[in-house]
Amino acid sequence: MSTLRAGPIDVHHLGFERFVGVYLLDTDEGLALFDCGPGIALDGLRAGLAEHGLGLDDVDHLLLSHIHLDHAGAAGAIVRENPRIQVHVSEVGAPHLVDPAKLEASARRLYGDAFDSLWGELVPVPEGNVRVVGDEVLGLECFPSPGHASHHVSYLDGEGTLYSGDAAGVRLTPSRFVLPPLPPPEVDLEAWERTIQEMEHRSPSRLALVHFGVFEDVEAHLDRLRGTMHRWSEWVGHGMDEETFAAAVHADVAASDPDDVDNYLTIVPAWHGFRGLERYWRKRHEASTGA
Ligand SMILES: [Zn+2]
């Protein structure tokens, strides 16, 4: 049976606390990491593992939720250091680990000159280390969880811990607000609603979020994710401009967790959500008019 040994292990991305946390699992096939953070935070991951008396040498597997750089950017550098590690990823994500050129180009378009200082080096993962996930991986149930990203998968362990990547939103422990990360270009709210239902259907005991923490009020958490996602989507769908959206998002988070609003909006800037939703609505409109 696979179980959570430790986490979230804070990799202190860009020096921030509670930005990116990864999880350490005991599985029948050795020690596994769930997500690994960006390349630039690899020293932070090493330091976090060292606090548990471990190093990358002790890790056998890397389970990835999706290939966004804050979750998977360090994968290639980790395998370069320990070529024994098998990297588990969705079928759509796999080729982008082997050849990250397109992924890097699209992230550079989004982040511009800040790319290098935000994310660091993207090292290709050798094809021989990549394993495409099925319904079961290392004794965990694995299921597609699109919405935030179309290739996103989540993992459920034998004790009911759901490793949800970004699919259950962003919530910075000990705060309550559940923020839907809605970056362009793949946001799909219908798919995300189905993903939330898939999660509810499995009645997990707790949610392990990369951003950031383990939460046991699963039902209320997913309800809040759903509510906020639809509320923000309506705002953009009804033509709200970016500045007004950013102010409304700020007020929304502040109403729940005034002390943490800046941290939330550093980790998931409001413009991500605005652009992601704008694109989502444009695609919907084009689909309905055949344009
Ligand atoms: Zn993501």
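Structure: see above.
Below is a short write-up of the structure. Worth saying up front: this structure is predicted, and the values here are computed from it rather than measured. (Residues numbered from 1 in each chain as written. Predicted model: local features only at pLDDT ≥ 70, side-chain atom pairs only at ≥ 80, totals over all residues. Heavy atoms only, no water.)

### Some points on the packing of helix α8 (residues 218-237) against helix α9 (residues 242-256)
Point 1. Between α8 and α9, the least distance of the axes is 11 Å, while the angle of their chain directions is 160°. As summarised for this structure, α8 and α9 are arranged roughly antiparallel, according to the angle between their axes. Relative to α9, α8 is oriented so that their crossing is right-handed. Within the contact between the two elements, α8 uses T228, R231, W232, W235 and V236 and α9 uses F245, A248, V249 and D252.
Point 2. Looking at the contact of α8 with α9 residue by residue, the class counts come to six nonpolar, one polar and two charged. (Axes fitted to C-alpha atoms, helices over the stretch in contact; angles between N-to-C directions. Helix = DSSP H or I, 4+ residues; strand = E, 2+ residues; numbered from the N terminus. Parallel < 35°, antiparallel > 145°, perpendicular 65-115°, else oblique. Left-handed = near helix turned anticlockwise from the far one by under 90°. Contact = heavy atoms within 4.5 Å. Nonpolar A, V, L, I, M, F, W, Y, C, P; charged D, E, K, R; others polar.)

### Structural notes on the coordination of the zinc ion
Point 1. Taken together, the protein donors to the zinc ion comprise H66 (NE2), H68 (ND1), H148 (NE2) and D166 (OD), at separations of 2.1 to 2.6 Å.
Point 2. Relative to the metal, the four donor atoms surrounding the zinc ion lie at angles of 79 to 174°, and the coordination shape comes out irregular.
Point 3. Mapped onto the sequence, the donors of the zinc ion take the spacing H-x1-H-x79-H-x17-D. Of the two residues, H66 sits in the loop between β4 (61-63) and α2 (69-72) while H148 sits in the loop between β8 (140-144) and β9 (153-156), which places them 82 residues apart along the sequence. In this pair, the class of H66 matches that of H148, namely buried. (Donors = N, O, S within 2.8 Å, 3.2 Å for Na, K, Ca; no water. Tetrahedral: all angles 85-135°; square planar, octahedral: opposite > 155°, others 65-115°. Buried < 20%, exposed > 50% of the residue type's maximum accessible area, 1.4 Å probe, protein only.)

### What to know about the sheet that holds strand β7 (residues 136-137)
Point 1. Here six strands make up an open sheet; going across it, the order is β7-β8-β9-β10-β11-β12 and the pairing mixed. Edge strands, defined here as strands with exactly one partner in the open sheet, are β7 and β12 (213-215).
Point 2. Note: β7 against β8, two bridges, orientation antiparallel. Note on β8: the bridge partner recorded for V137 is L140.
Point 3. The sheet contacts of α8 involve β11 (206-209) and β12, and relative to β11 the element is tilted by about 55°. (Pairing = 2+ DSSP bridges.)

### What about the packing of α8 against helix α11 (residues 270-289)?
Point 1. Here α8 crosses α11 at 65°, and the two axes come no closer than 9 Å. The angle between α8 and α11 places the two elements in the roughly perpendicular class. As α8 runs across α11, the sense of the crossing is right-handed. Of the residues in α11, those touching α8 at W232, S233, E234, V236 and G237 are F274, L277, E278, Y280 and W281.
Point 2. Considered class by class, the residues forming the contact of α8 with α11 number six nonpolar, two polar and two charged.

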